[in-house]
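# Understanding the architecture of this molecule
Okay, here's what each chain looks like letter by letter:
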Amino acid sequence: MDLSDTPQEVEFRARLREWLGKALPSLPTKPSPDDWPGRRAYDLGWQRTLYDAGYGDVHWGADPAVRMIFLEETEKAGAPYVGANFVGLLHAGPTIAAEGTGEQRARWLPPVLRGEEVWCQGFSEPDAGSDLAALRTRARRDGDDYVVSGSKIWTSHAEVADWCELLVRTDPDAPKHRGITWLAMPMDAPGITVRPLRTLAGTDEFAEVFLDEVRVPVANRVGEENDGWRVTMVTLSFERGTAFVGEVVACRRVLGELALAARENGRWDDPVLRRRLGRLNAEFRALWRLTQWNVSEASEGVPGVGGSVFKLRYSHARQELYEAAAEVLGEGGAALDLEQPWVLDRLSSLSYTIAAGTSQIQHSIVAERVLGLPKGR
């Protein structure tokens, strides 16, 4: 199989490199991690810049090869990542594109692409983390609205979001997977309280969200009532199958920098460390090929269970990468000094075997849906 760029892809890569060389020097200074209004403005501004240059829909409207080239080149150039646009561009947007009505797509997708609105994710609950279908947030029908009460946790970017992709229970008497509905909730609706959560790294990109009789129009329902679990599987397929594409590119860059640092500080002489870095190189090359498969599959609809295979392997590979970074950098670089290289990434990597579905959940999905093994009792 020939995986080299076609003439059209070579031209796209060259044009993108030239544009990045002109666009990146004019970017404003990136705000501090704690300045979420500033980070929102920065991330939306970058998305608007991409949109104006014709690259706004690259995450879910472009040919798979074009998307992969875009991610490779922007990462190499040090361009901003999606940031606060993560949920809108990589979760909610693709879900609405796949499952929404024409009116919903027309209302919600263009503002995401133009860098005008931010989305957050309201899935997990204090008593329903890995067992997402056990959620208790209730939504009762009242005329043309749902009236929602309950709470969510680990809600990404809630404090600066305009919309929330929200899972609610609309039929408490149905089996737990059959009484769920997927709603788009405006974050300025009365009855919403957002309480930021501080992470191990000292950031507060997550929040608790409390909902007290919040009215959400029935027109904001994506999919049918009580069919939300199926729609959720679409969201999670994108989250696990294609949302981490840019991070794989970043990890491959970090691995190269680690190898260079090891050569400079003498740790490259350790054969055990060299084998570890070599194995990680092979792992990330394989993950990149799996990523290409998942992105190609998504271009034809919704990613399949390959997303769970990817998520399982990538989570552990990322953790091992930053364990290797601590080994290469030595005691000084491994300390909890957030100014040291890669320390923030090492801390964030600890969450990857939990976020977007725990590794235990991914093992079960692979066992049942890929290998055809019987469900656990």
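This write-up is about the structure you can find in this document. Residue numbers restart at each chain and count upward from 1, following the sequence in its written direction. Given that the model is predicted, a residue must reach a pLDDT of at least 70 before its local features are reported, and side-chain atom pairs must reach 80 or more before they are shown or counted; all residues, however, enter totals for whole chains, interfaces and linings. Hydrogens and water are ignored here; the side-chain numbers use all heavy atoms of the structure.

## Here we look at the packing of helix H4 (residues 86-99) against helix H5 (residues 102-113)
Two quantities define a packed helix pair, namely the angle between the helix axes and the distance between the axes. Orientation of H4 relative to H5, taken along the N-to-C sense of each, is 160°, at an axis distance of 10 Å. On the basis of their axis angle, the class for H4 and H5 is roughly antiparallel. The two elements H4 and H5 cross, and the hand of that crossing is left-handed. Contacts between H4 and H5 involve Gly-88, Leu-89, Gly-93, Ile-96 and Ala-97 on the former and, on the latter, Gln-104, Arg-105, Trp-108, Leu-109, Val-112 and Leu-113. We call Asp, Glu, Lys and Arg charged. Ala, Val, Leu, Ile, Met, Phe, Trp, Tyr, Cys and Pro are nonpolar, and the rest, Gly among them, are polar. When its residues are assigned to classes, the contact of H4 with H5 shows seven nonpolar, three polar and one charged. Helix axes are fitted to C-alpha atoms over the stretch in contact, other axes to C-alpha atoms as well, and angles between N-to-C directions run from 0 to 180 degrees. Helix numbering and strand numbering both begin at the N terminus, where a helix is a DSSP run of H or I of at least 4 residues and a strand a DSSP run of E of at least 2. An angle below 35 degrees is read as roughly parallel, one above 145 as roughly antiparallel, one from 65 to 115 as roughly perpendicular, and any other as oblique. Here a crossing is called left-handed whenever its near helix is offset anticlockwise from the far helix by less than a right angle, and right-handed whenever the offset is clockwise. We call two residues contacting when some pair of their heavy atoms lies within 4.5 Å.

## Digging into the packing of helix H1 (residues 7-23) against helix H3 (residues 64-77)
Between H1 and H3, the shortest axis-to-axis distance is 10 Å and the interhelical angle comes to 30°. Crossing geometry of H1 relative to H3 is assigned as right-handed. From H1, Glu-9, Phe-12, Arg-13, Leu-16, Arg-17 and Leu-20 reach across to H3, where they touch Ala-65, Val-66, Ile-69, Phe-70, Glu-72, Glu-73, Thr-74 and Ala-77. Of the residues in the contact of H1 with H3, the class split is eight nonpolar, one polar and five charged.

## Here we look at a positive patch on the surface
Together, Lys-76, Arg-252, Arg-285 and Arg-289 give the surface a local cluster of positive charge. With respect to the element layout, Lys-76 can be found in helix H3. Of the residues examined, Lys-76 reaches a relative accessible area of 59% and is grouped as exposed. Patch members must show over 30% relative accessible area and no salt bridge, and they are joined within 9 Å when carrying like charges or within 5 Å when they are nonpolar side chains of Val, Leu, Ile, Met, Phe, Trp or Tyr. Areas reported as accessible are Shrake-Rupley estimates using a 1.4 Å probe. Residue values count occlusion only from the protein chains shown. A pair is scored as a salt bridge if a Lys or Arg side-chain nitrogen falls within 4 Å of a carboxyl oxygen belonging to Asp or Glu. Charge counting follows a simple rule: Lys and Arg are positive, Asp and Glu are negative, and His as well as the terminal groups are ignored. Taken as the charge centre is NZ of Lys, CZ of Arg, CG of Asp or CD of Glu, depending on the residue. Any residue under 20% of the maximum accessible area for its type is buried, any over 50% is exposed, and the rest in between are partly exposed; the area is computed with a 1.4 Å probe on protein chains only.

## Describing the nonpolar core
Counting 37 residues, the largest nonpolar core has Trp-19, Phe-284 and Leu-321 as its most contacted members. Mapped by element, the contributors of at least two residues to this core are H1, helix H2 (36-52), H3, helix H7 (245-265), helix H8 (271-299) and helix H9 (306-334). When residues of this core are assigned to domains, at least three fall in each of domain 1 (7-113) and domain 3 (240-370). Of all hydrophobic cores here, the second largest spans 27 residues; its members include Leu-109, Leu-113, Phe-123 and Ile-180. Working definition of a nonpolar core: buried Ala, Val, Leu, Ile, Met, Phe, Trp, Tyr and Cys residues. They are joined through side-chain atoms within 4.5 Å. In this document the domain limits rely on a domain assignment from an automatic tool or a database.

## A short note on the environment of Thr-137
Secondary-structure assignment places Thr-137 in the loop between strand S1 (119-122) and strand S2 (138-142). Accessibility expressed as a relative area gives 1% for Thr-137, which makes it buried. Sequence-wise, Thr-137 and Arg-169 are 32 residues apart; in three dimensions their C-alpha atoms are separated by 5.9 Å. Discounting residues that sit within four places of it in the chain, Thr-137 has contacts with Glu-125, Val-148, Ser-149, Gly-150, Ser-151, Lys-152, Leu-167, Val-168, Arg-169 and Leu-211. One polar contact links the side chain of Thr-137 to the main-chain carbonyl oxygen of Ser-151, over a distance of 3.3 Å. Pairing of N or O atoms within 3.5 Å defines a polar contact, subject to two protein rules: one partner must be a possible hydrogen donor and the other a possible acceptor, and residues neighboring in sequence count only if both atoms are side-chain atoms.

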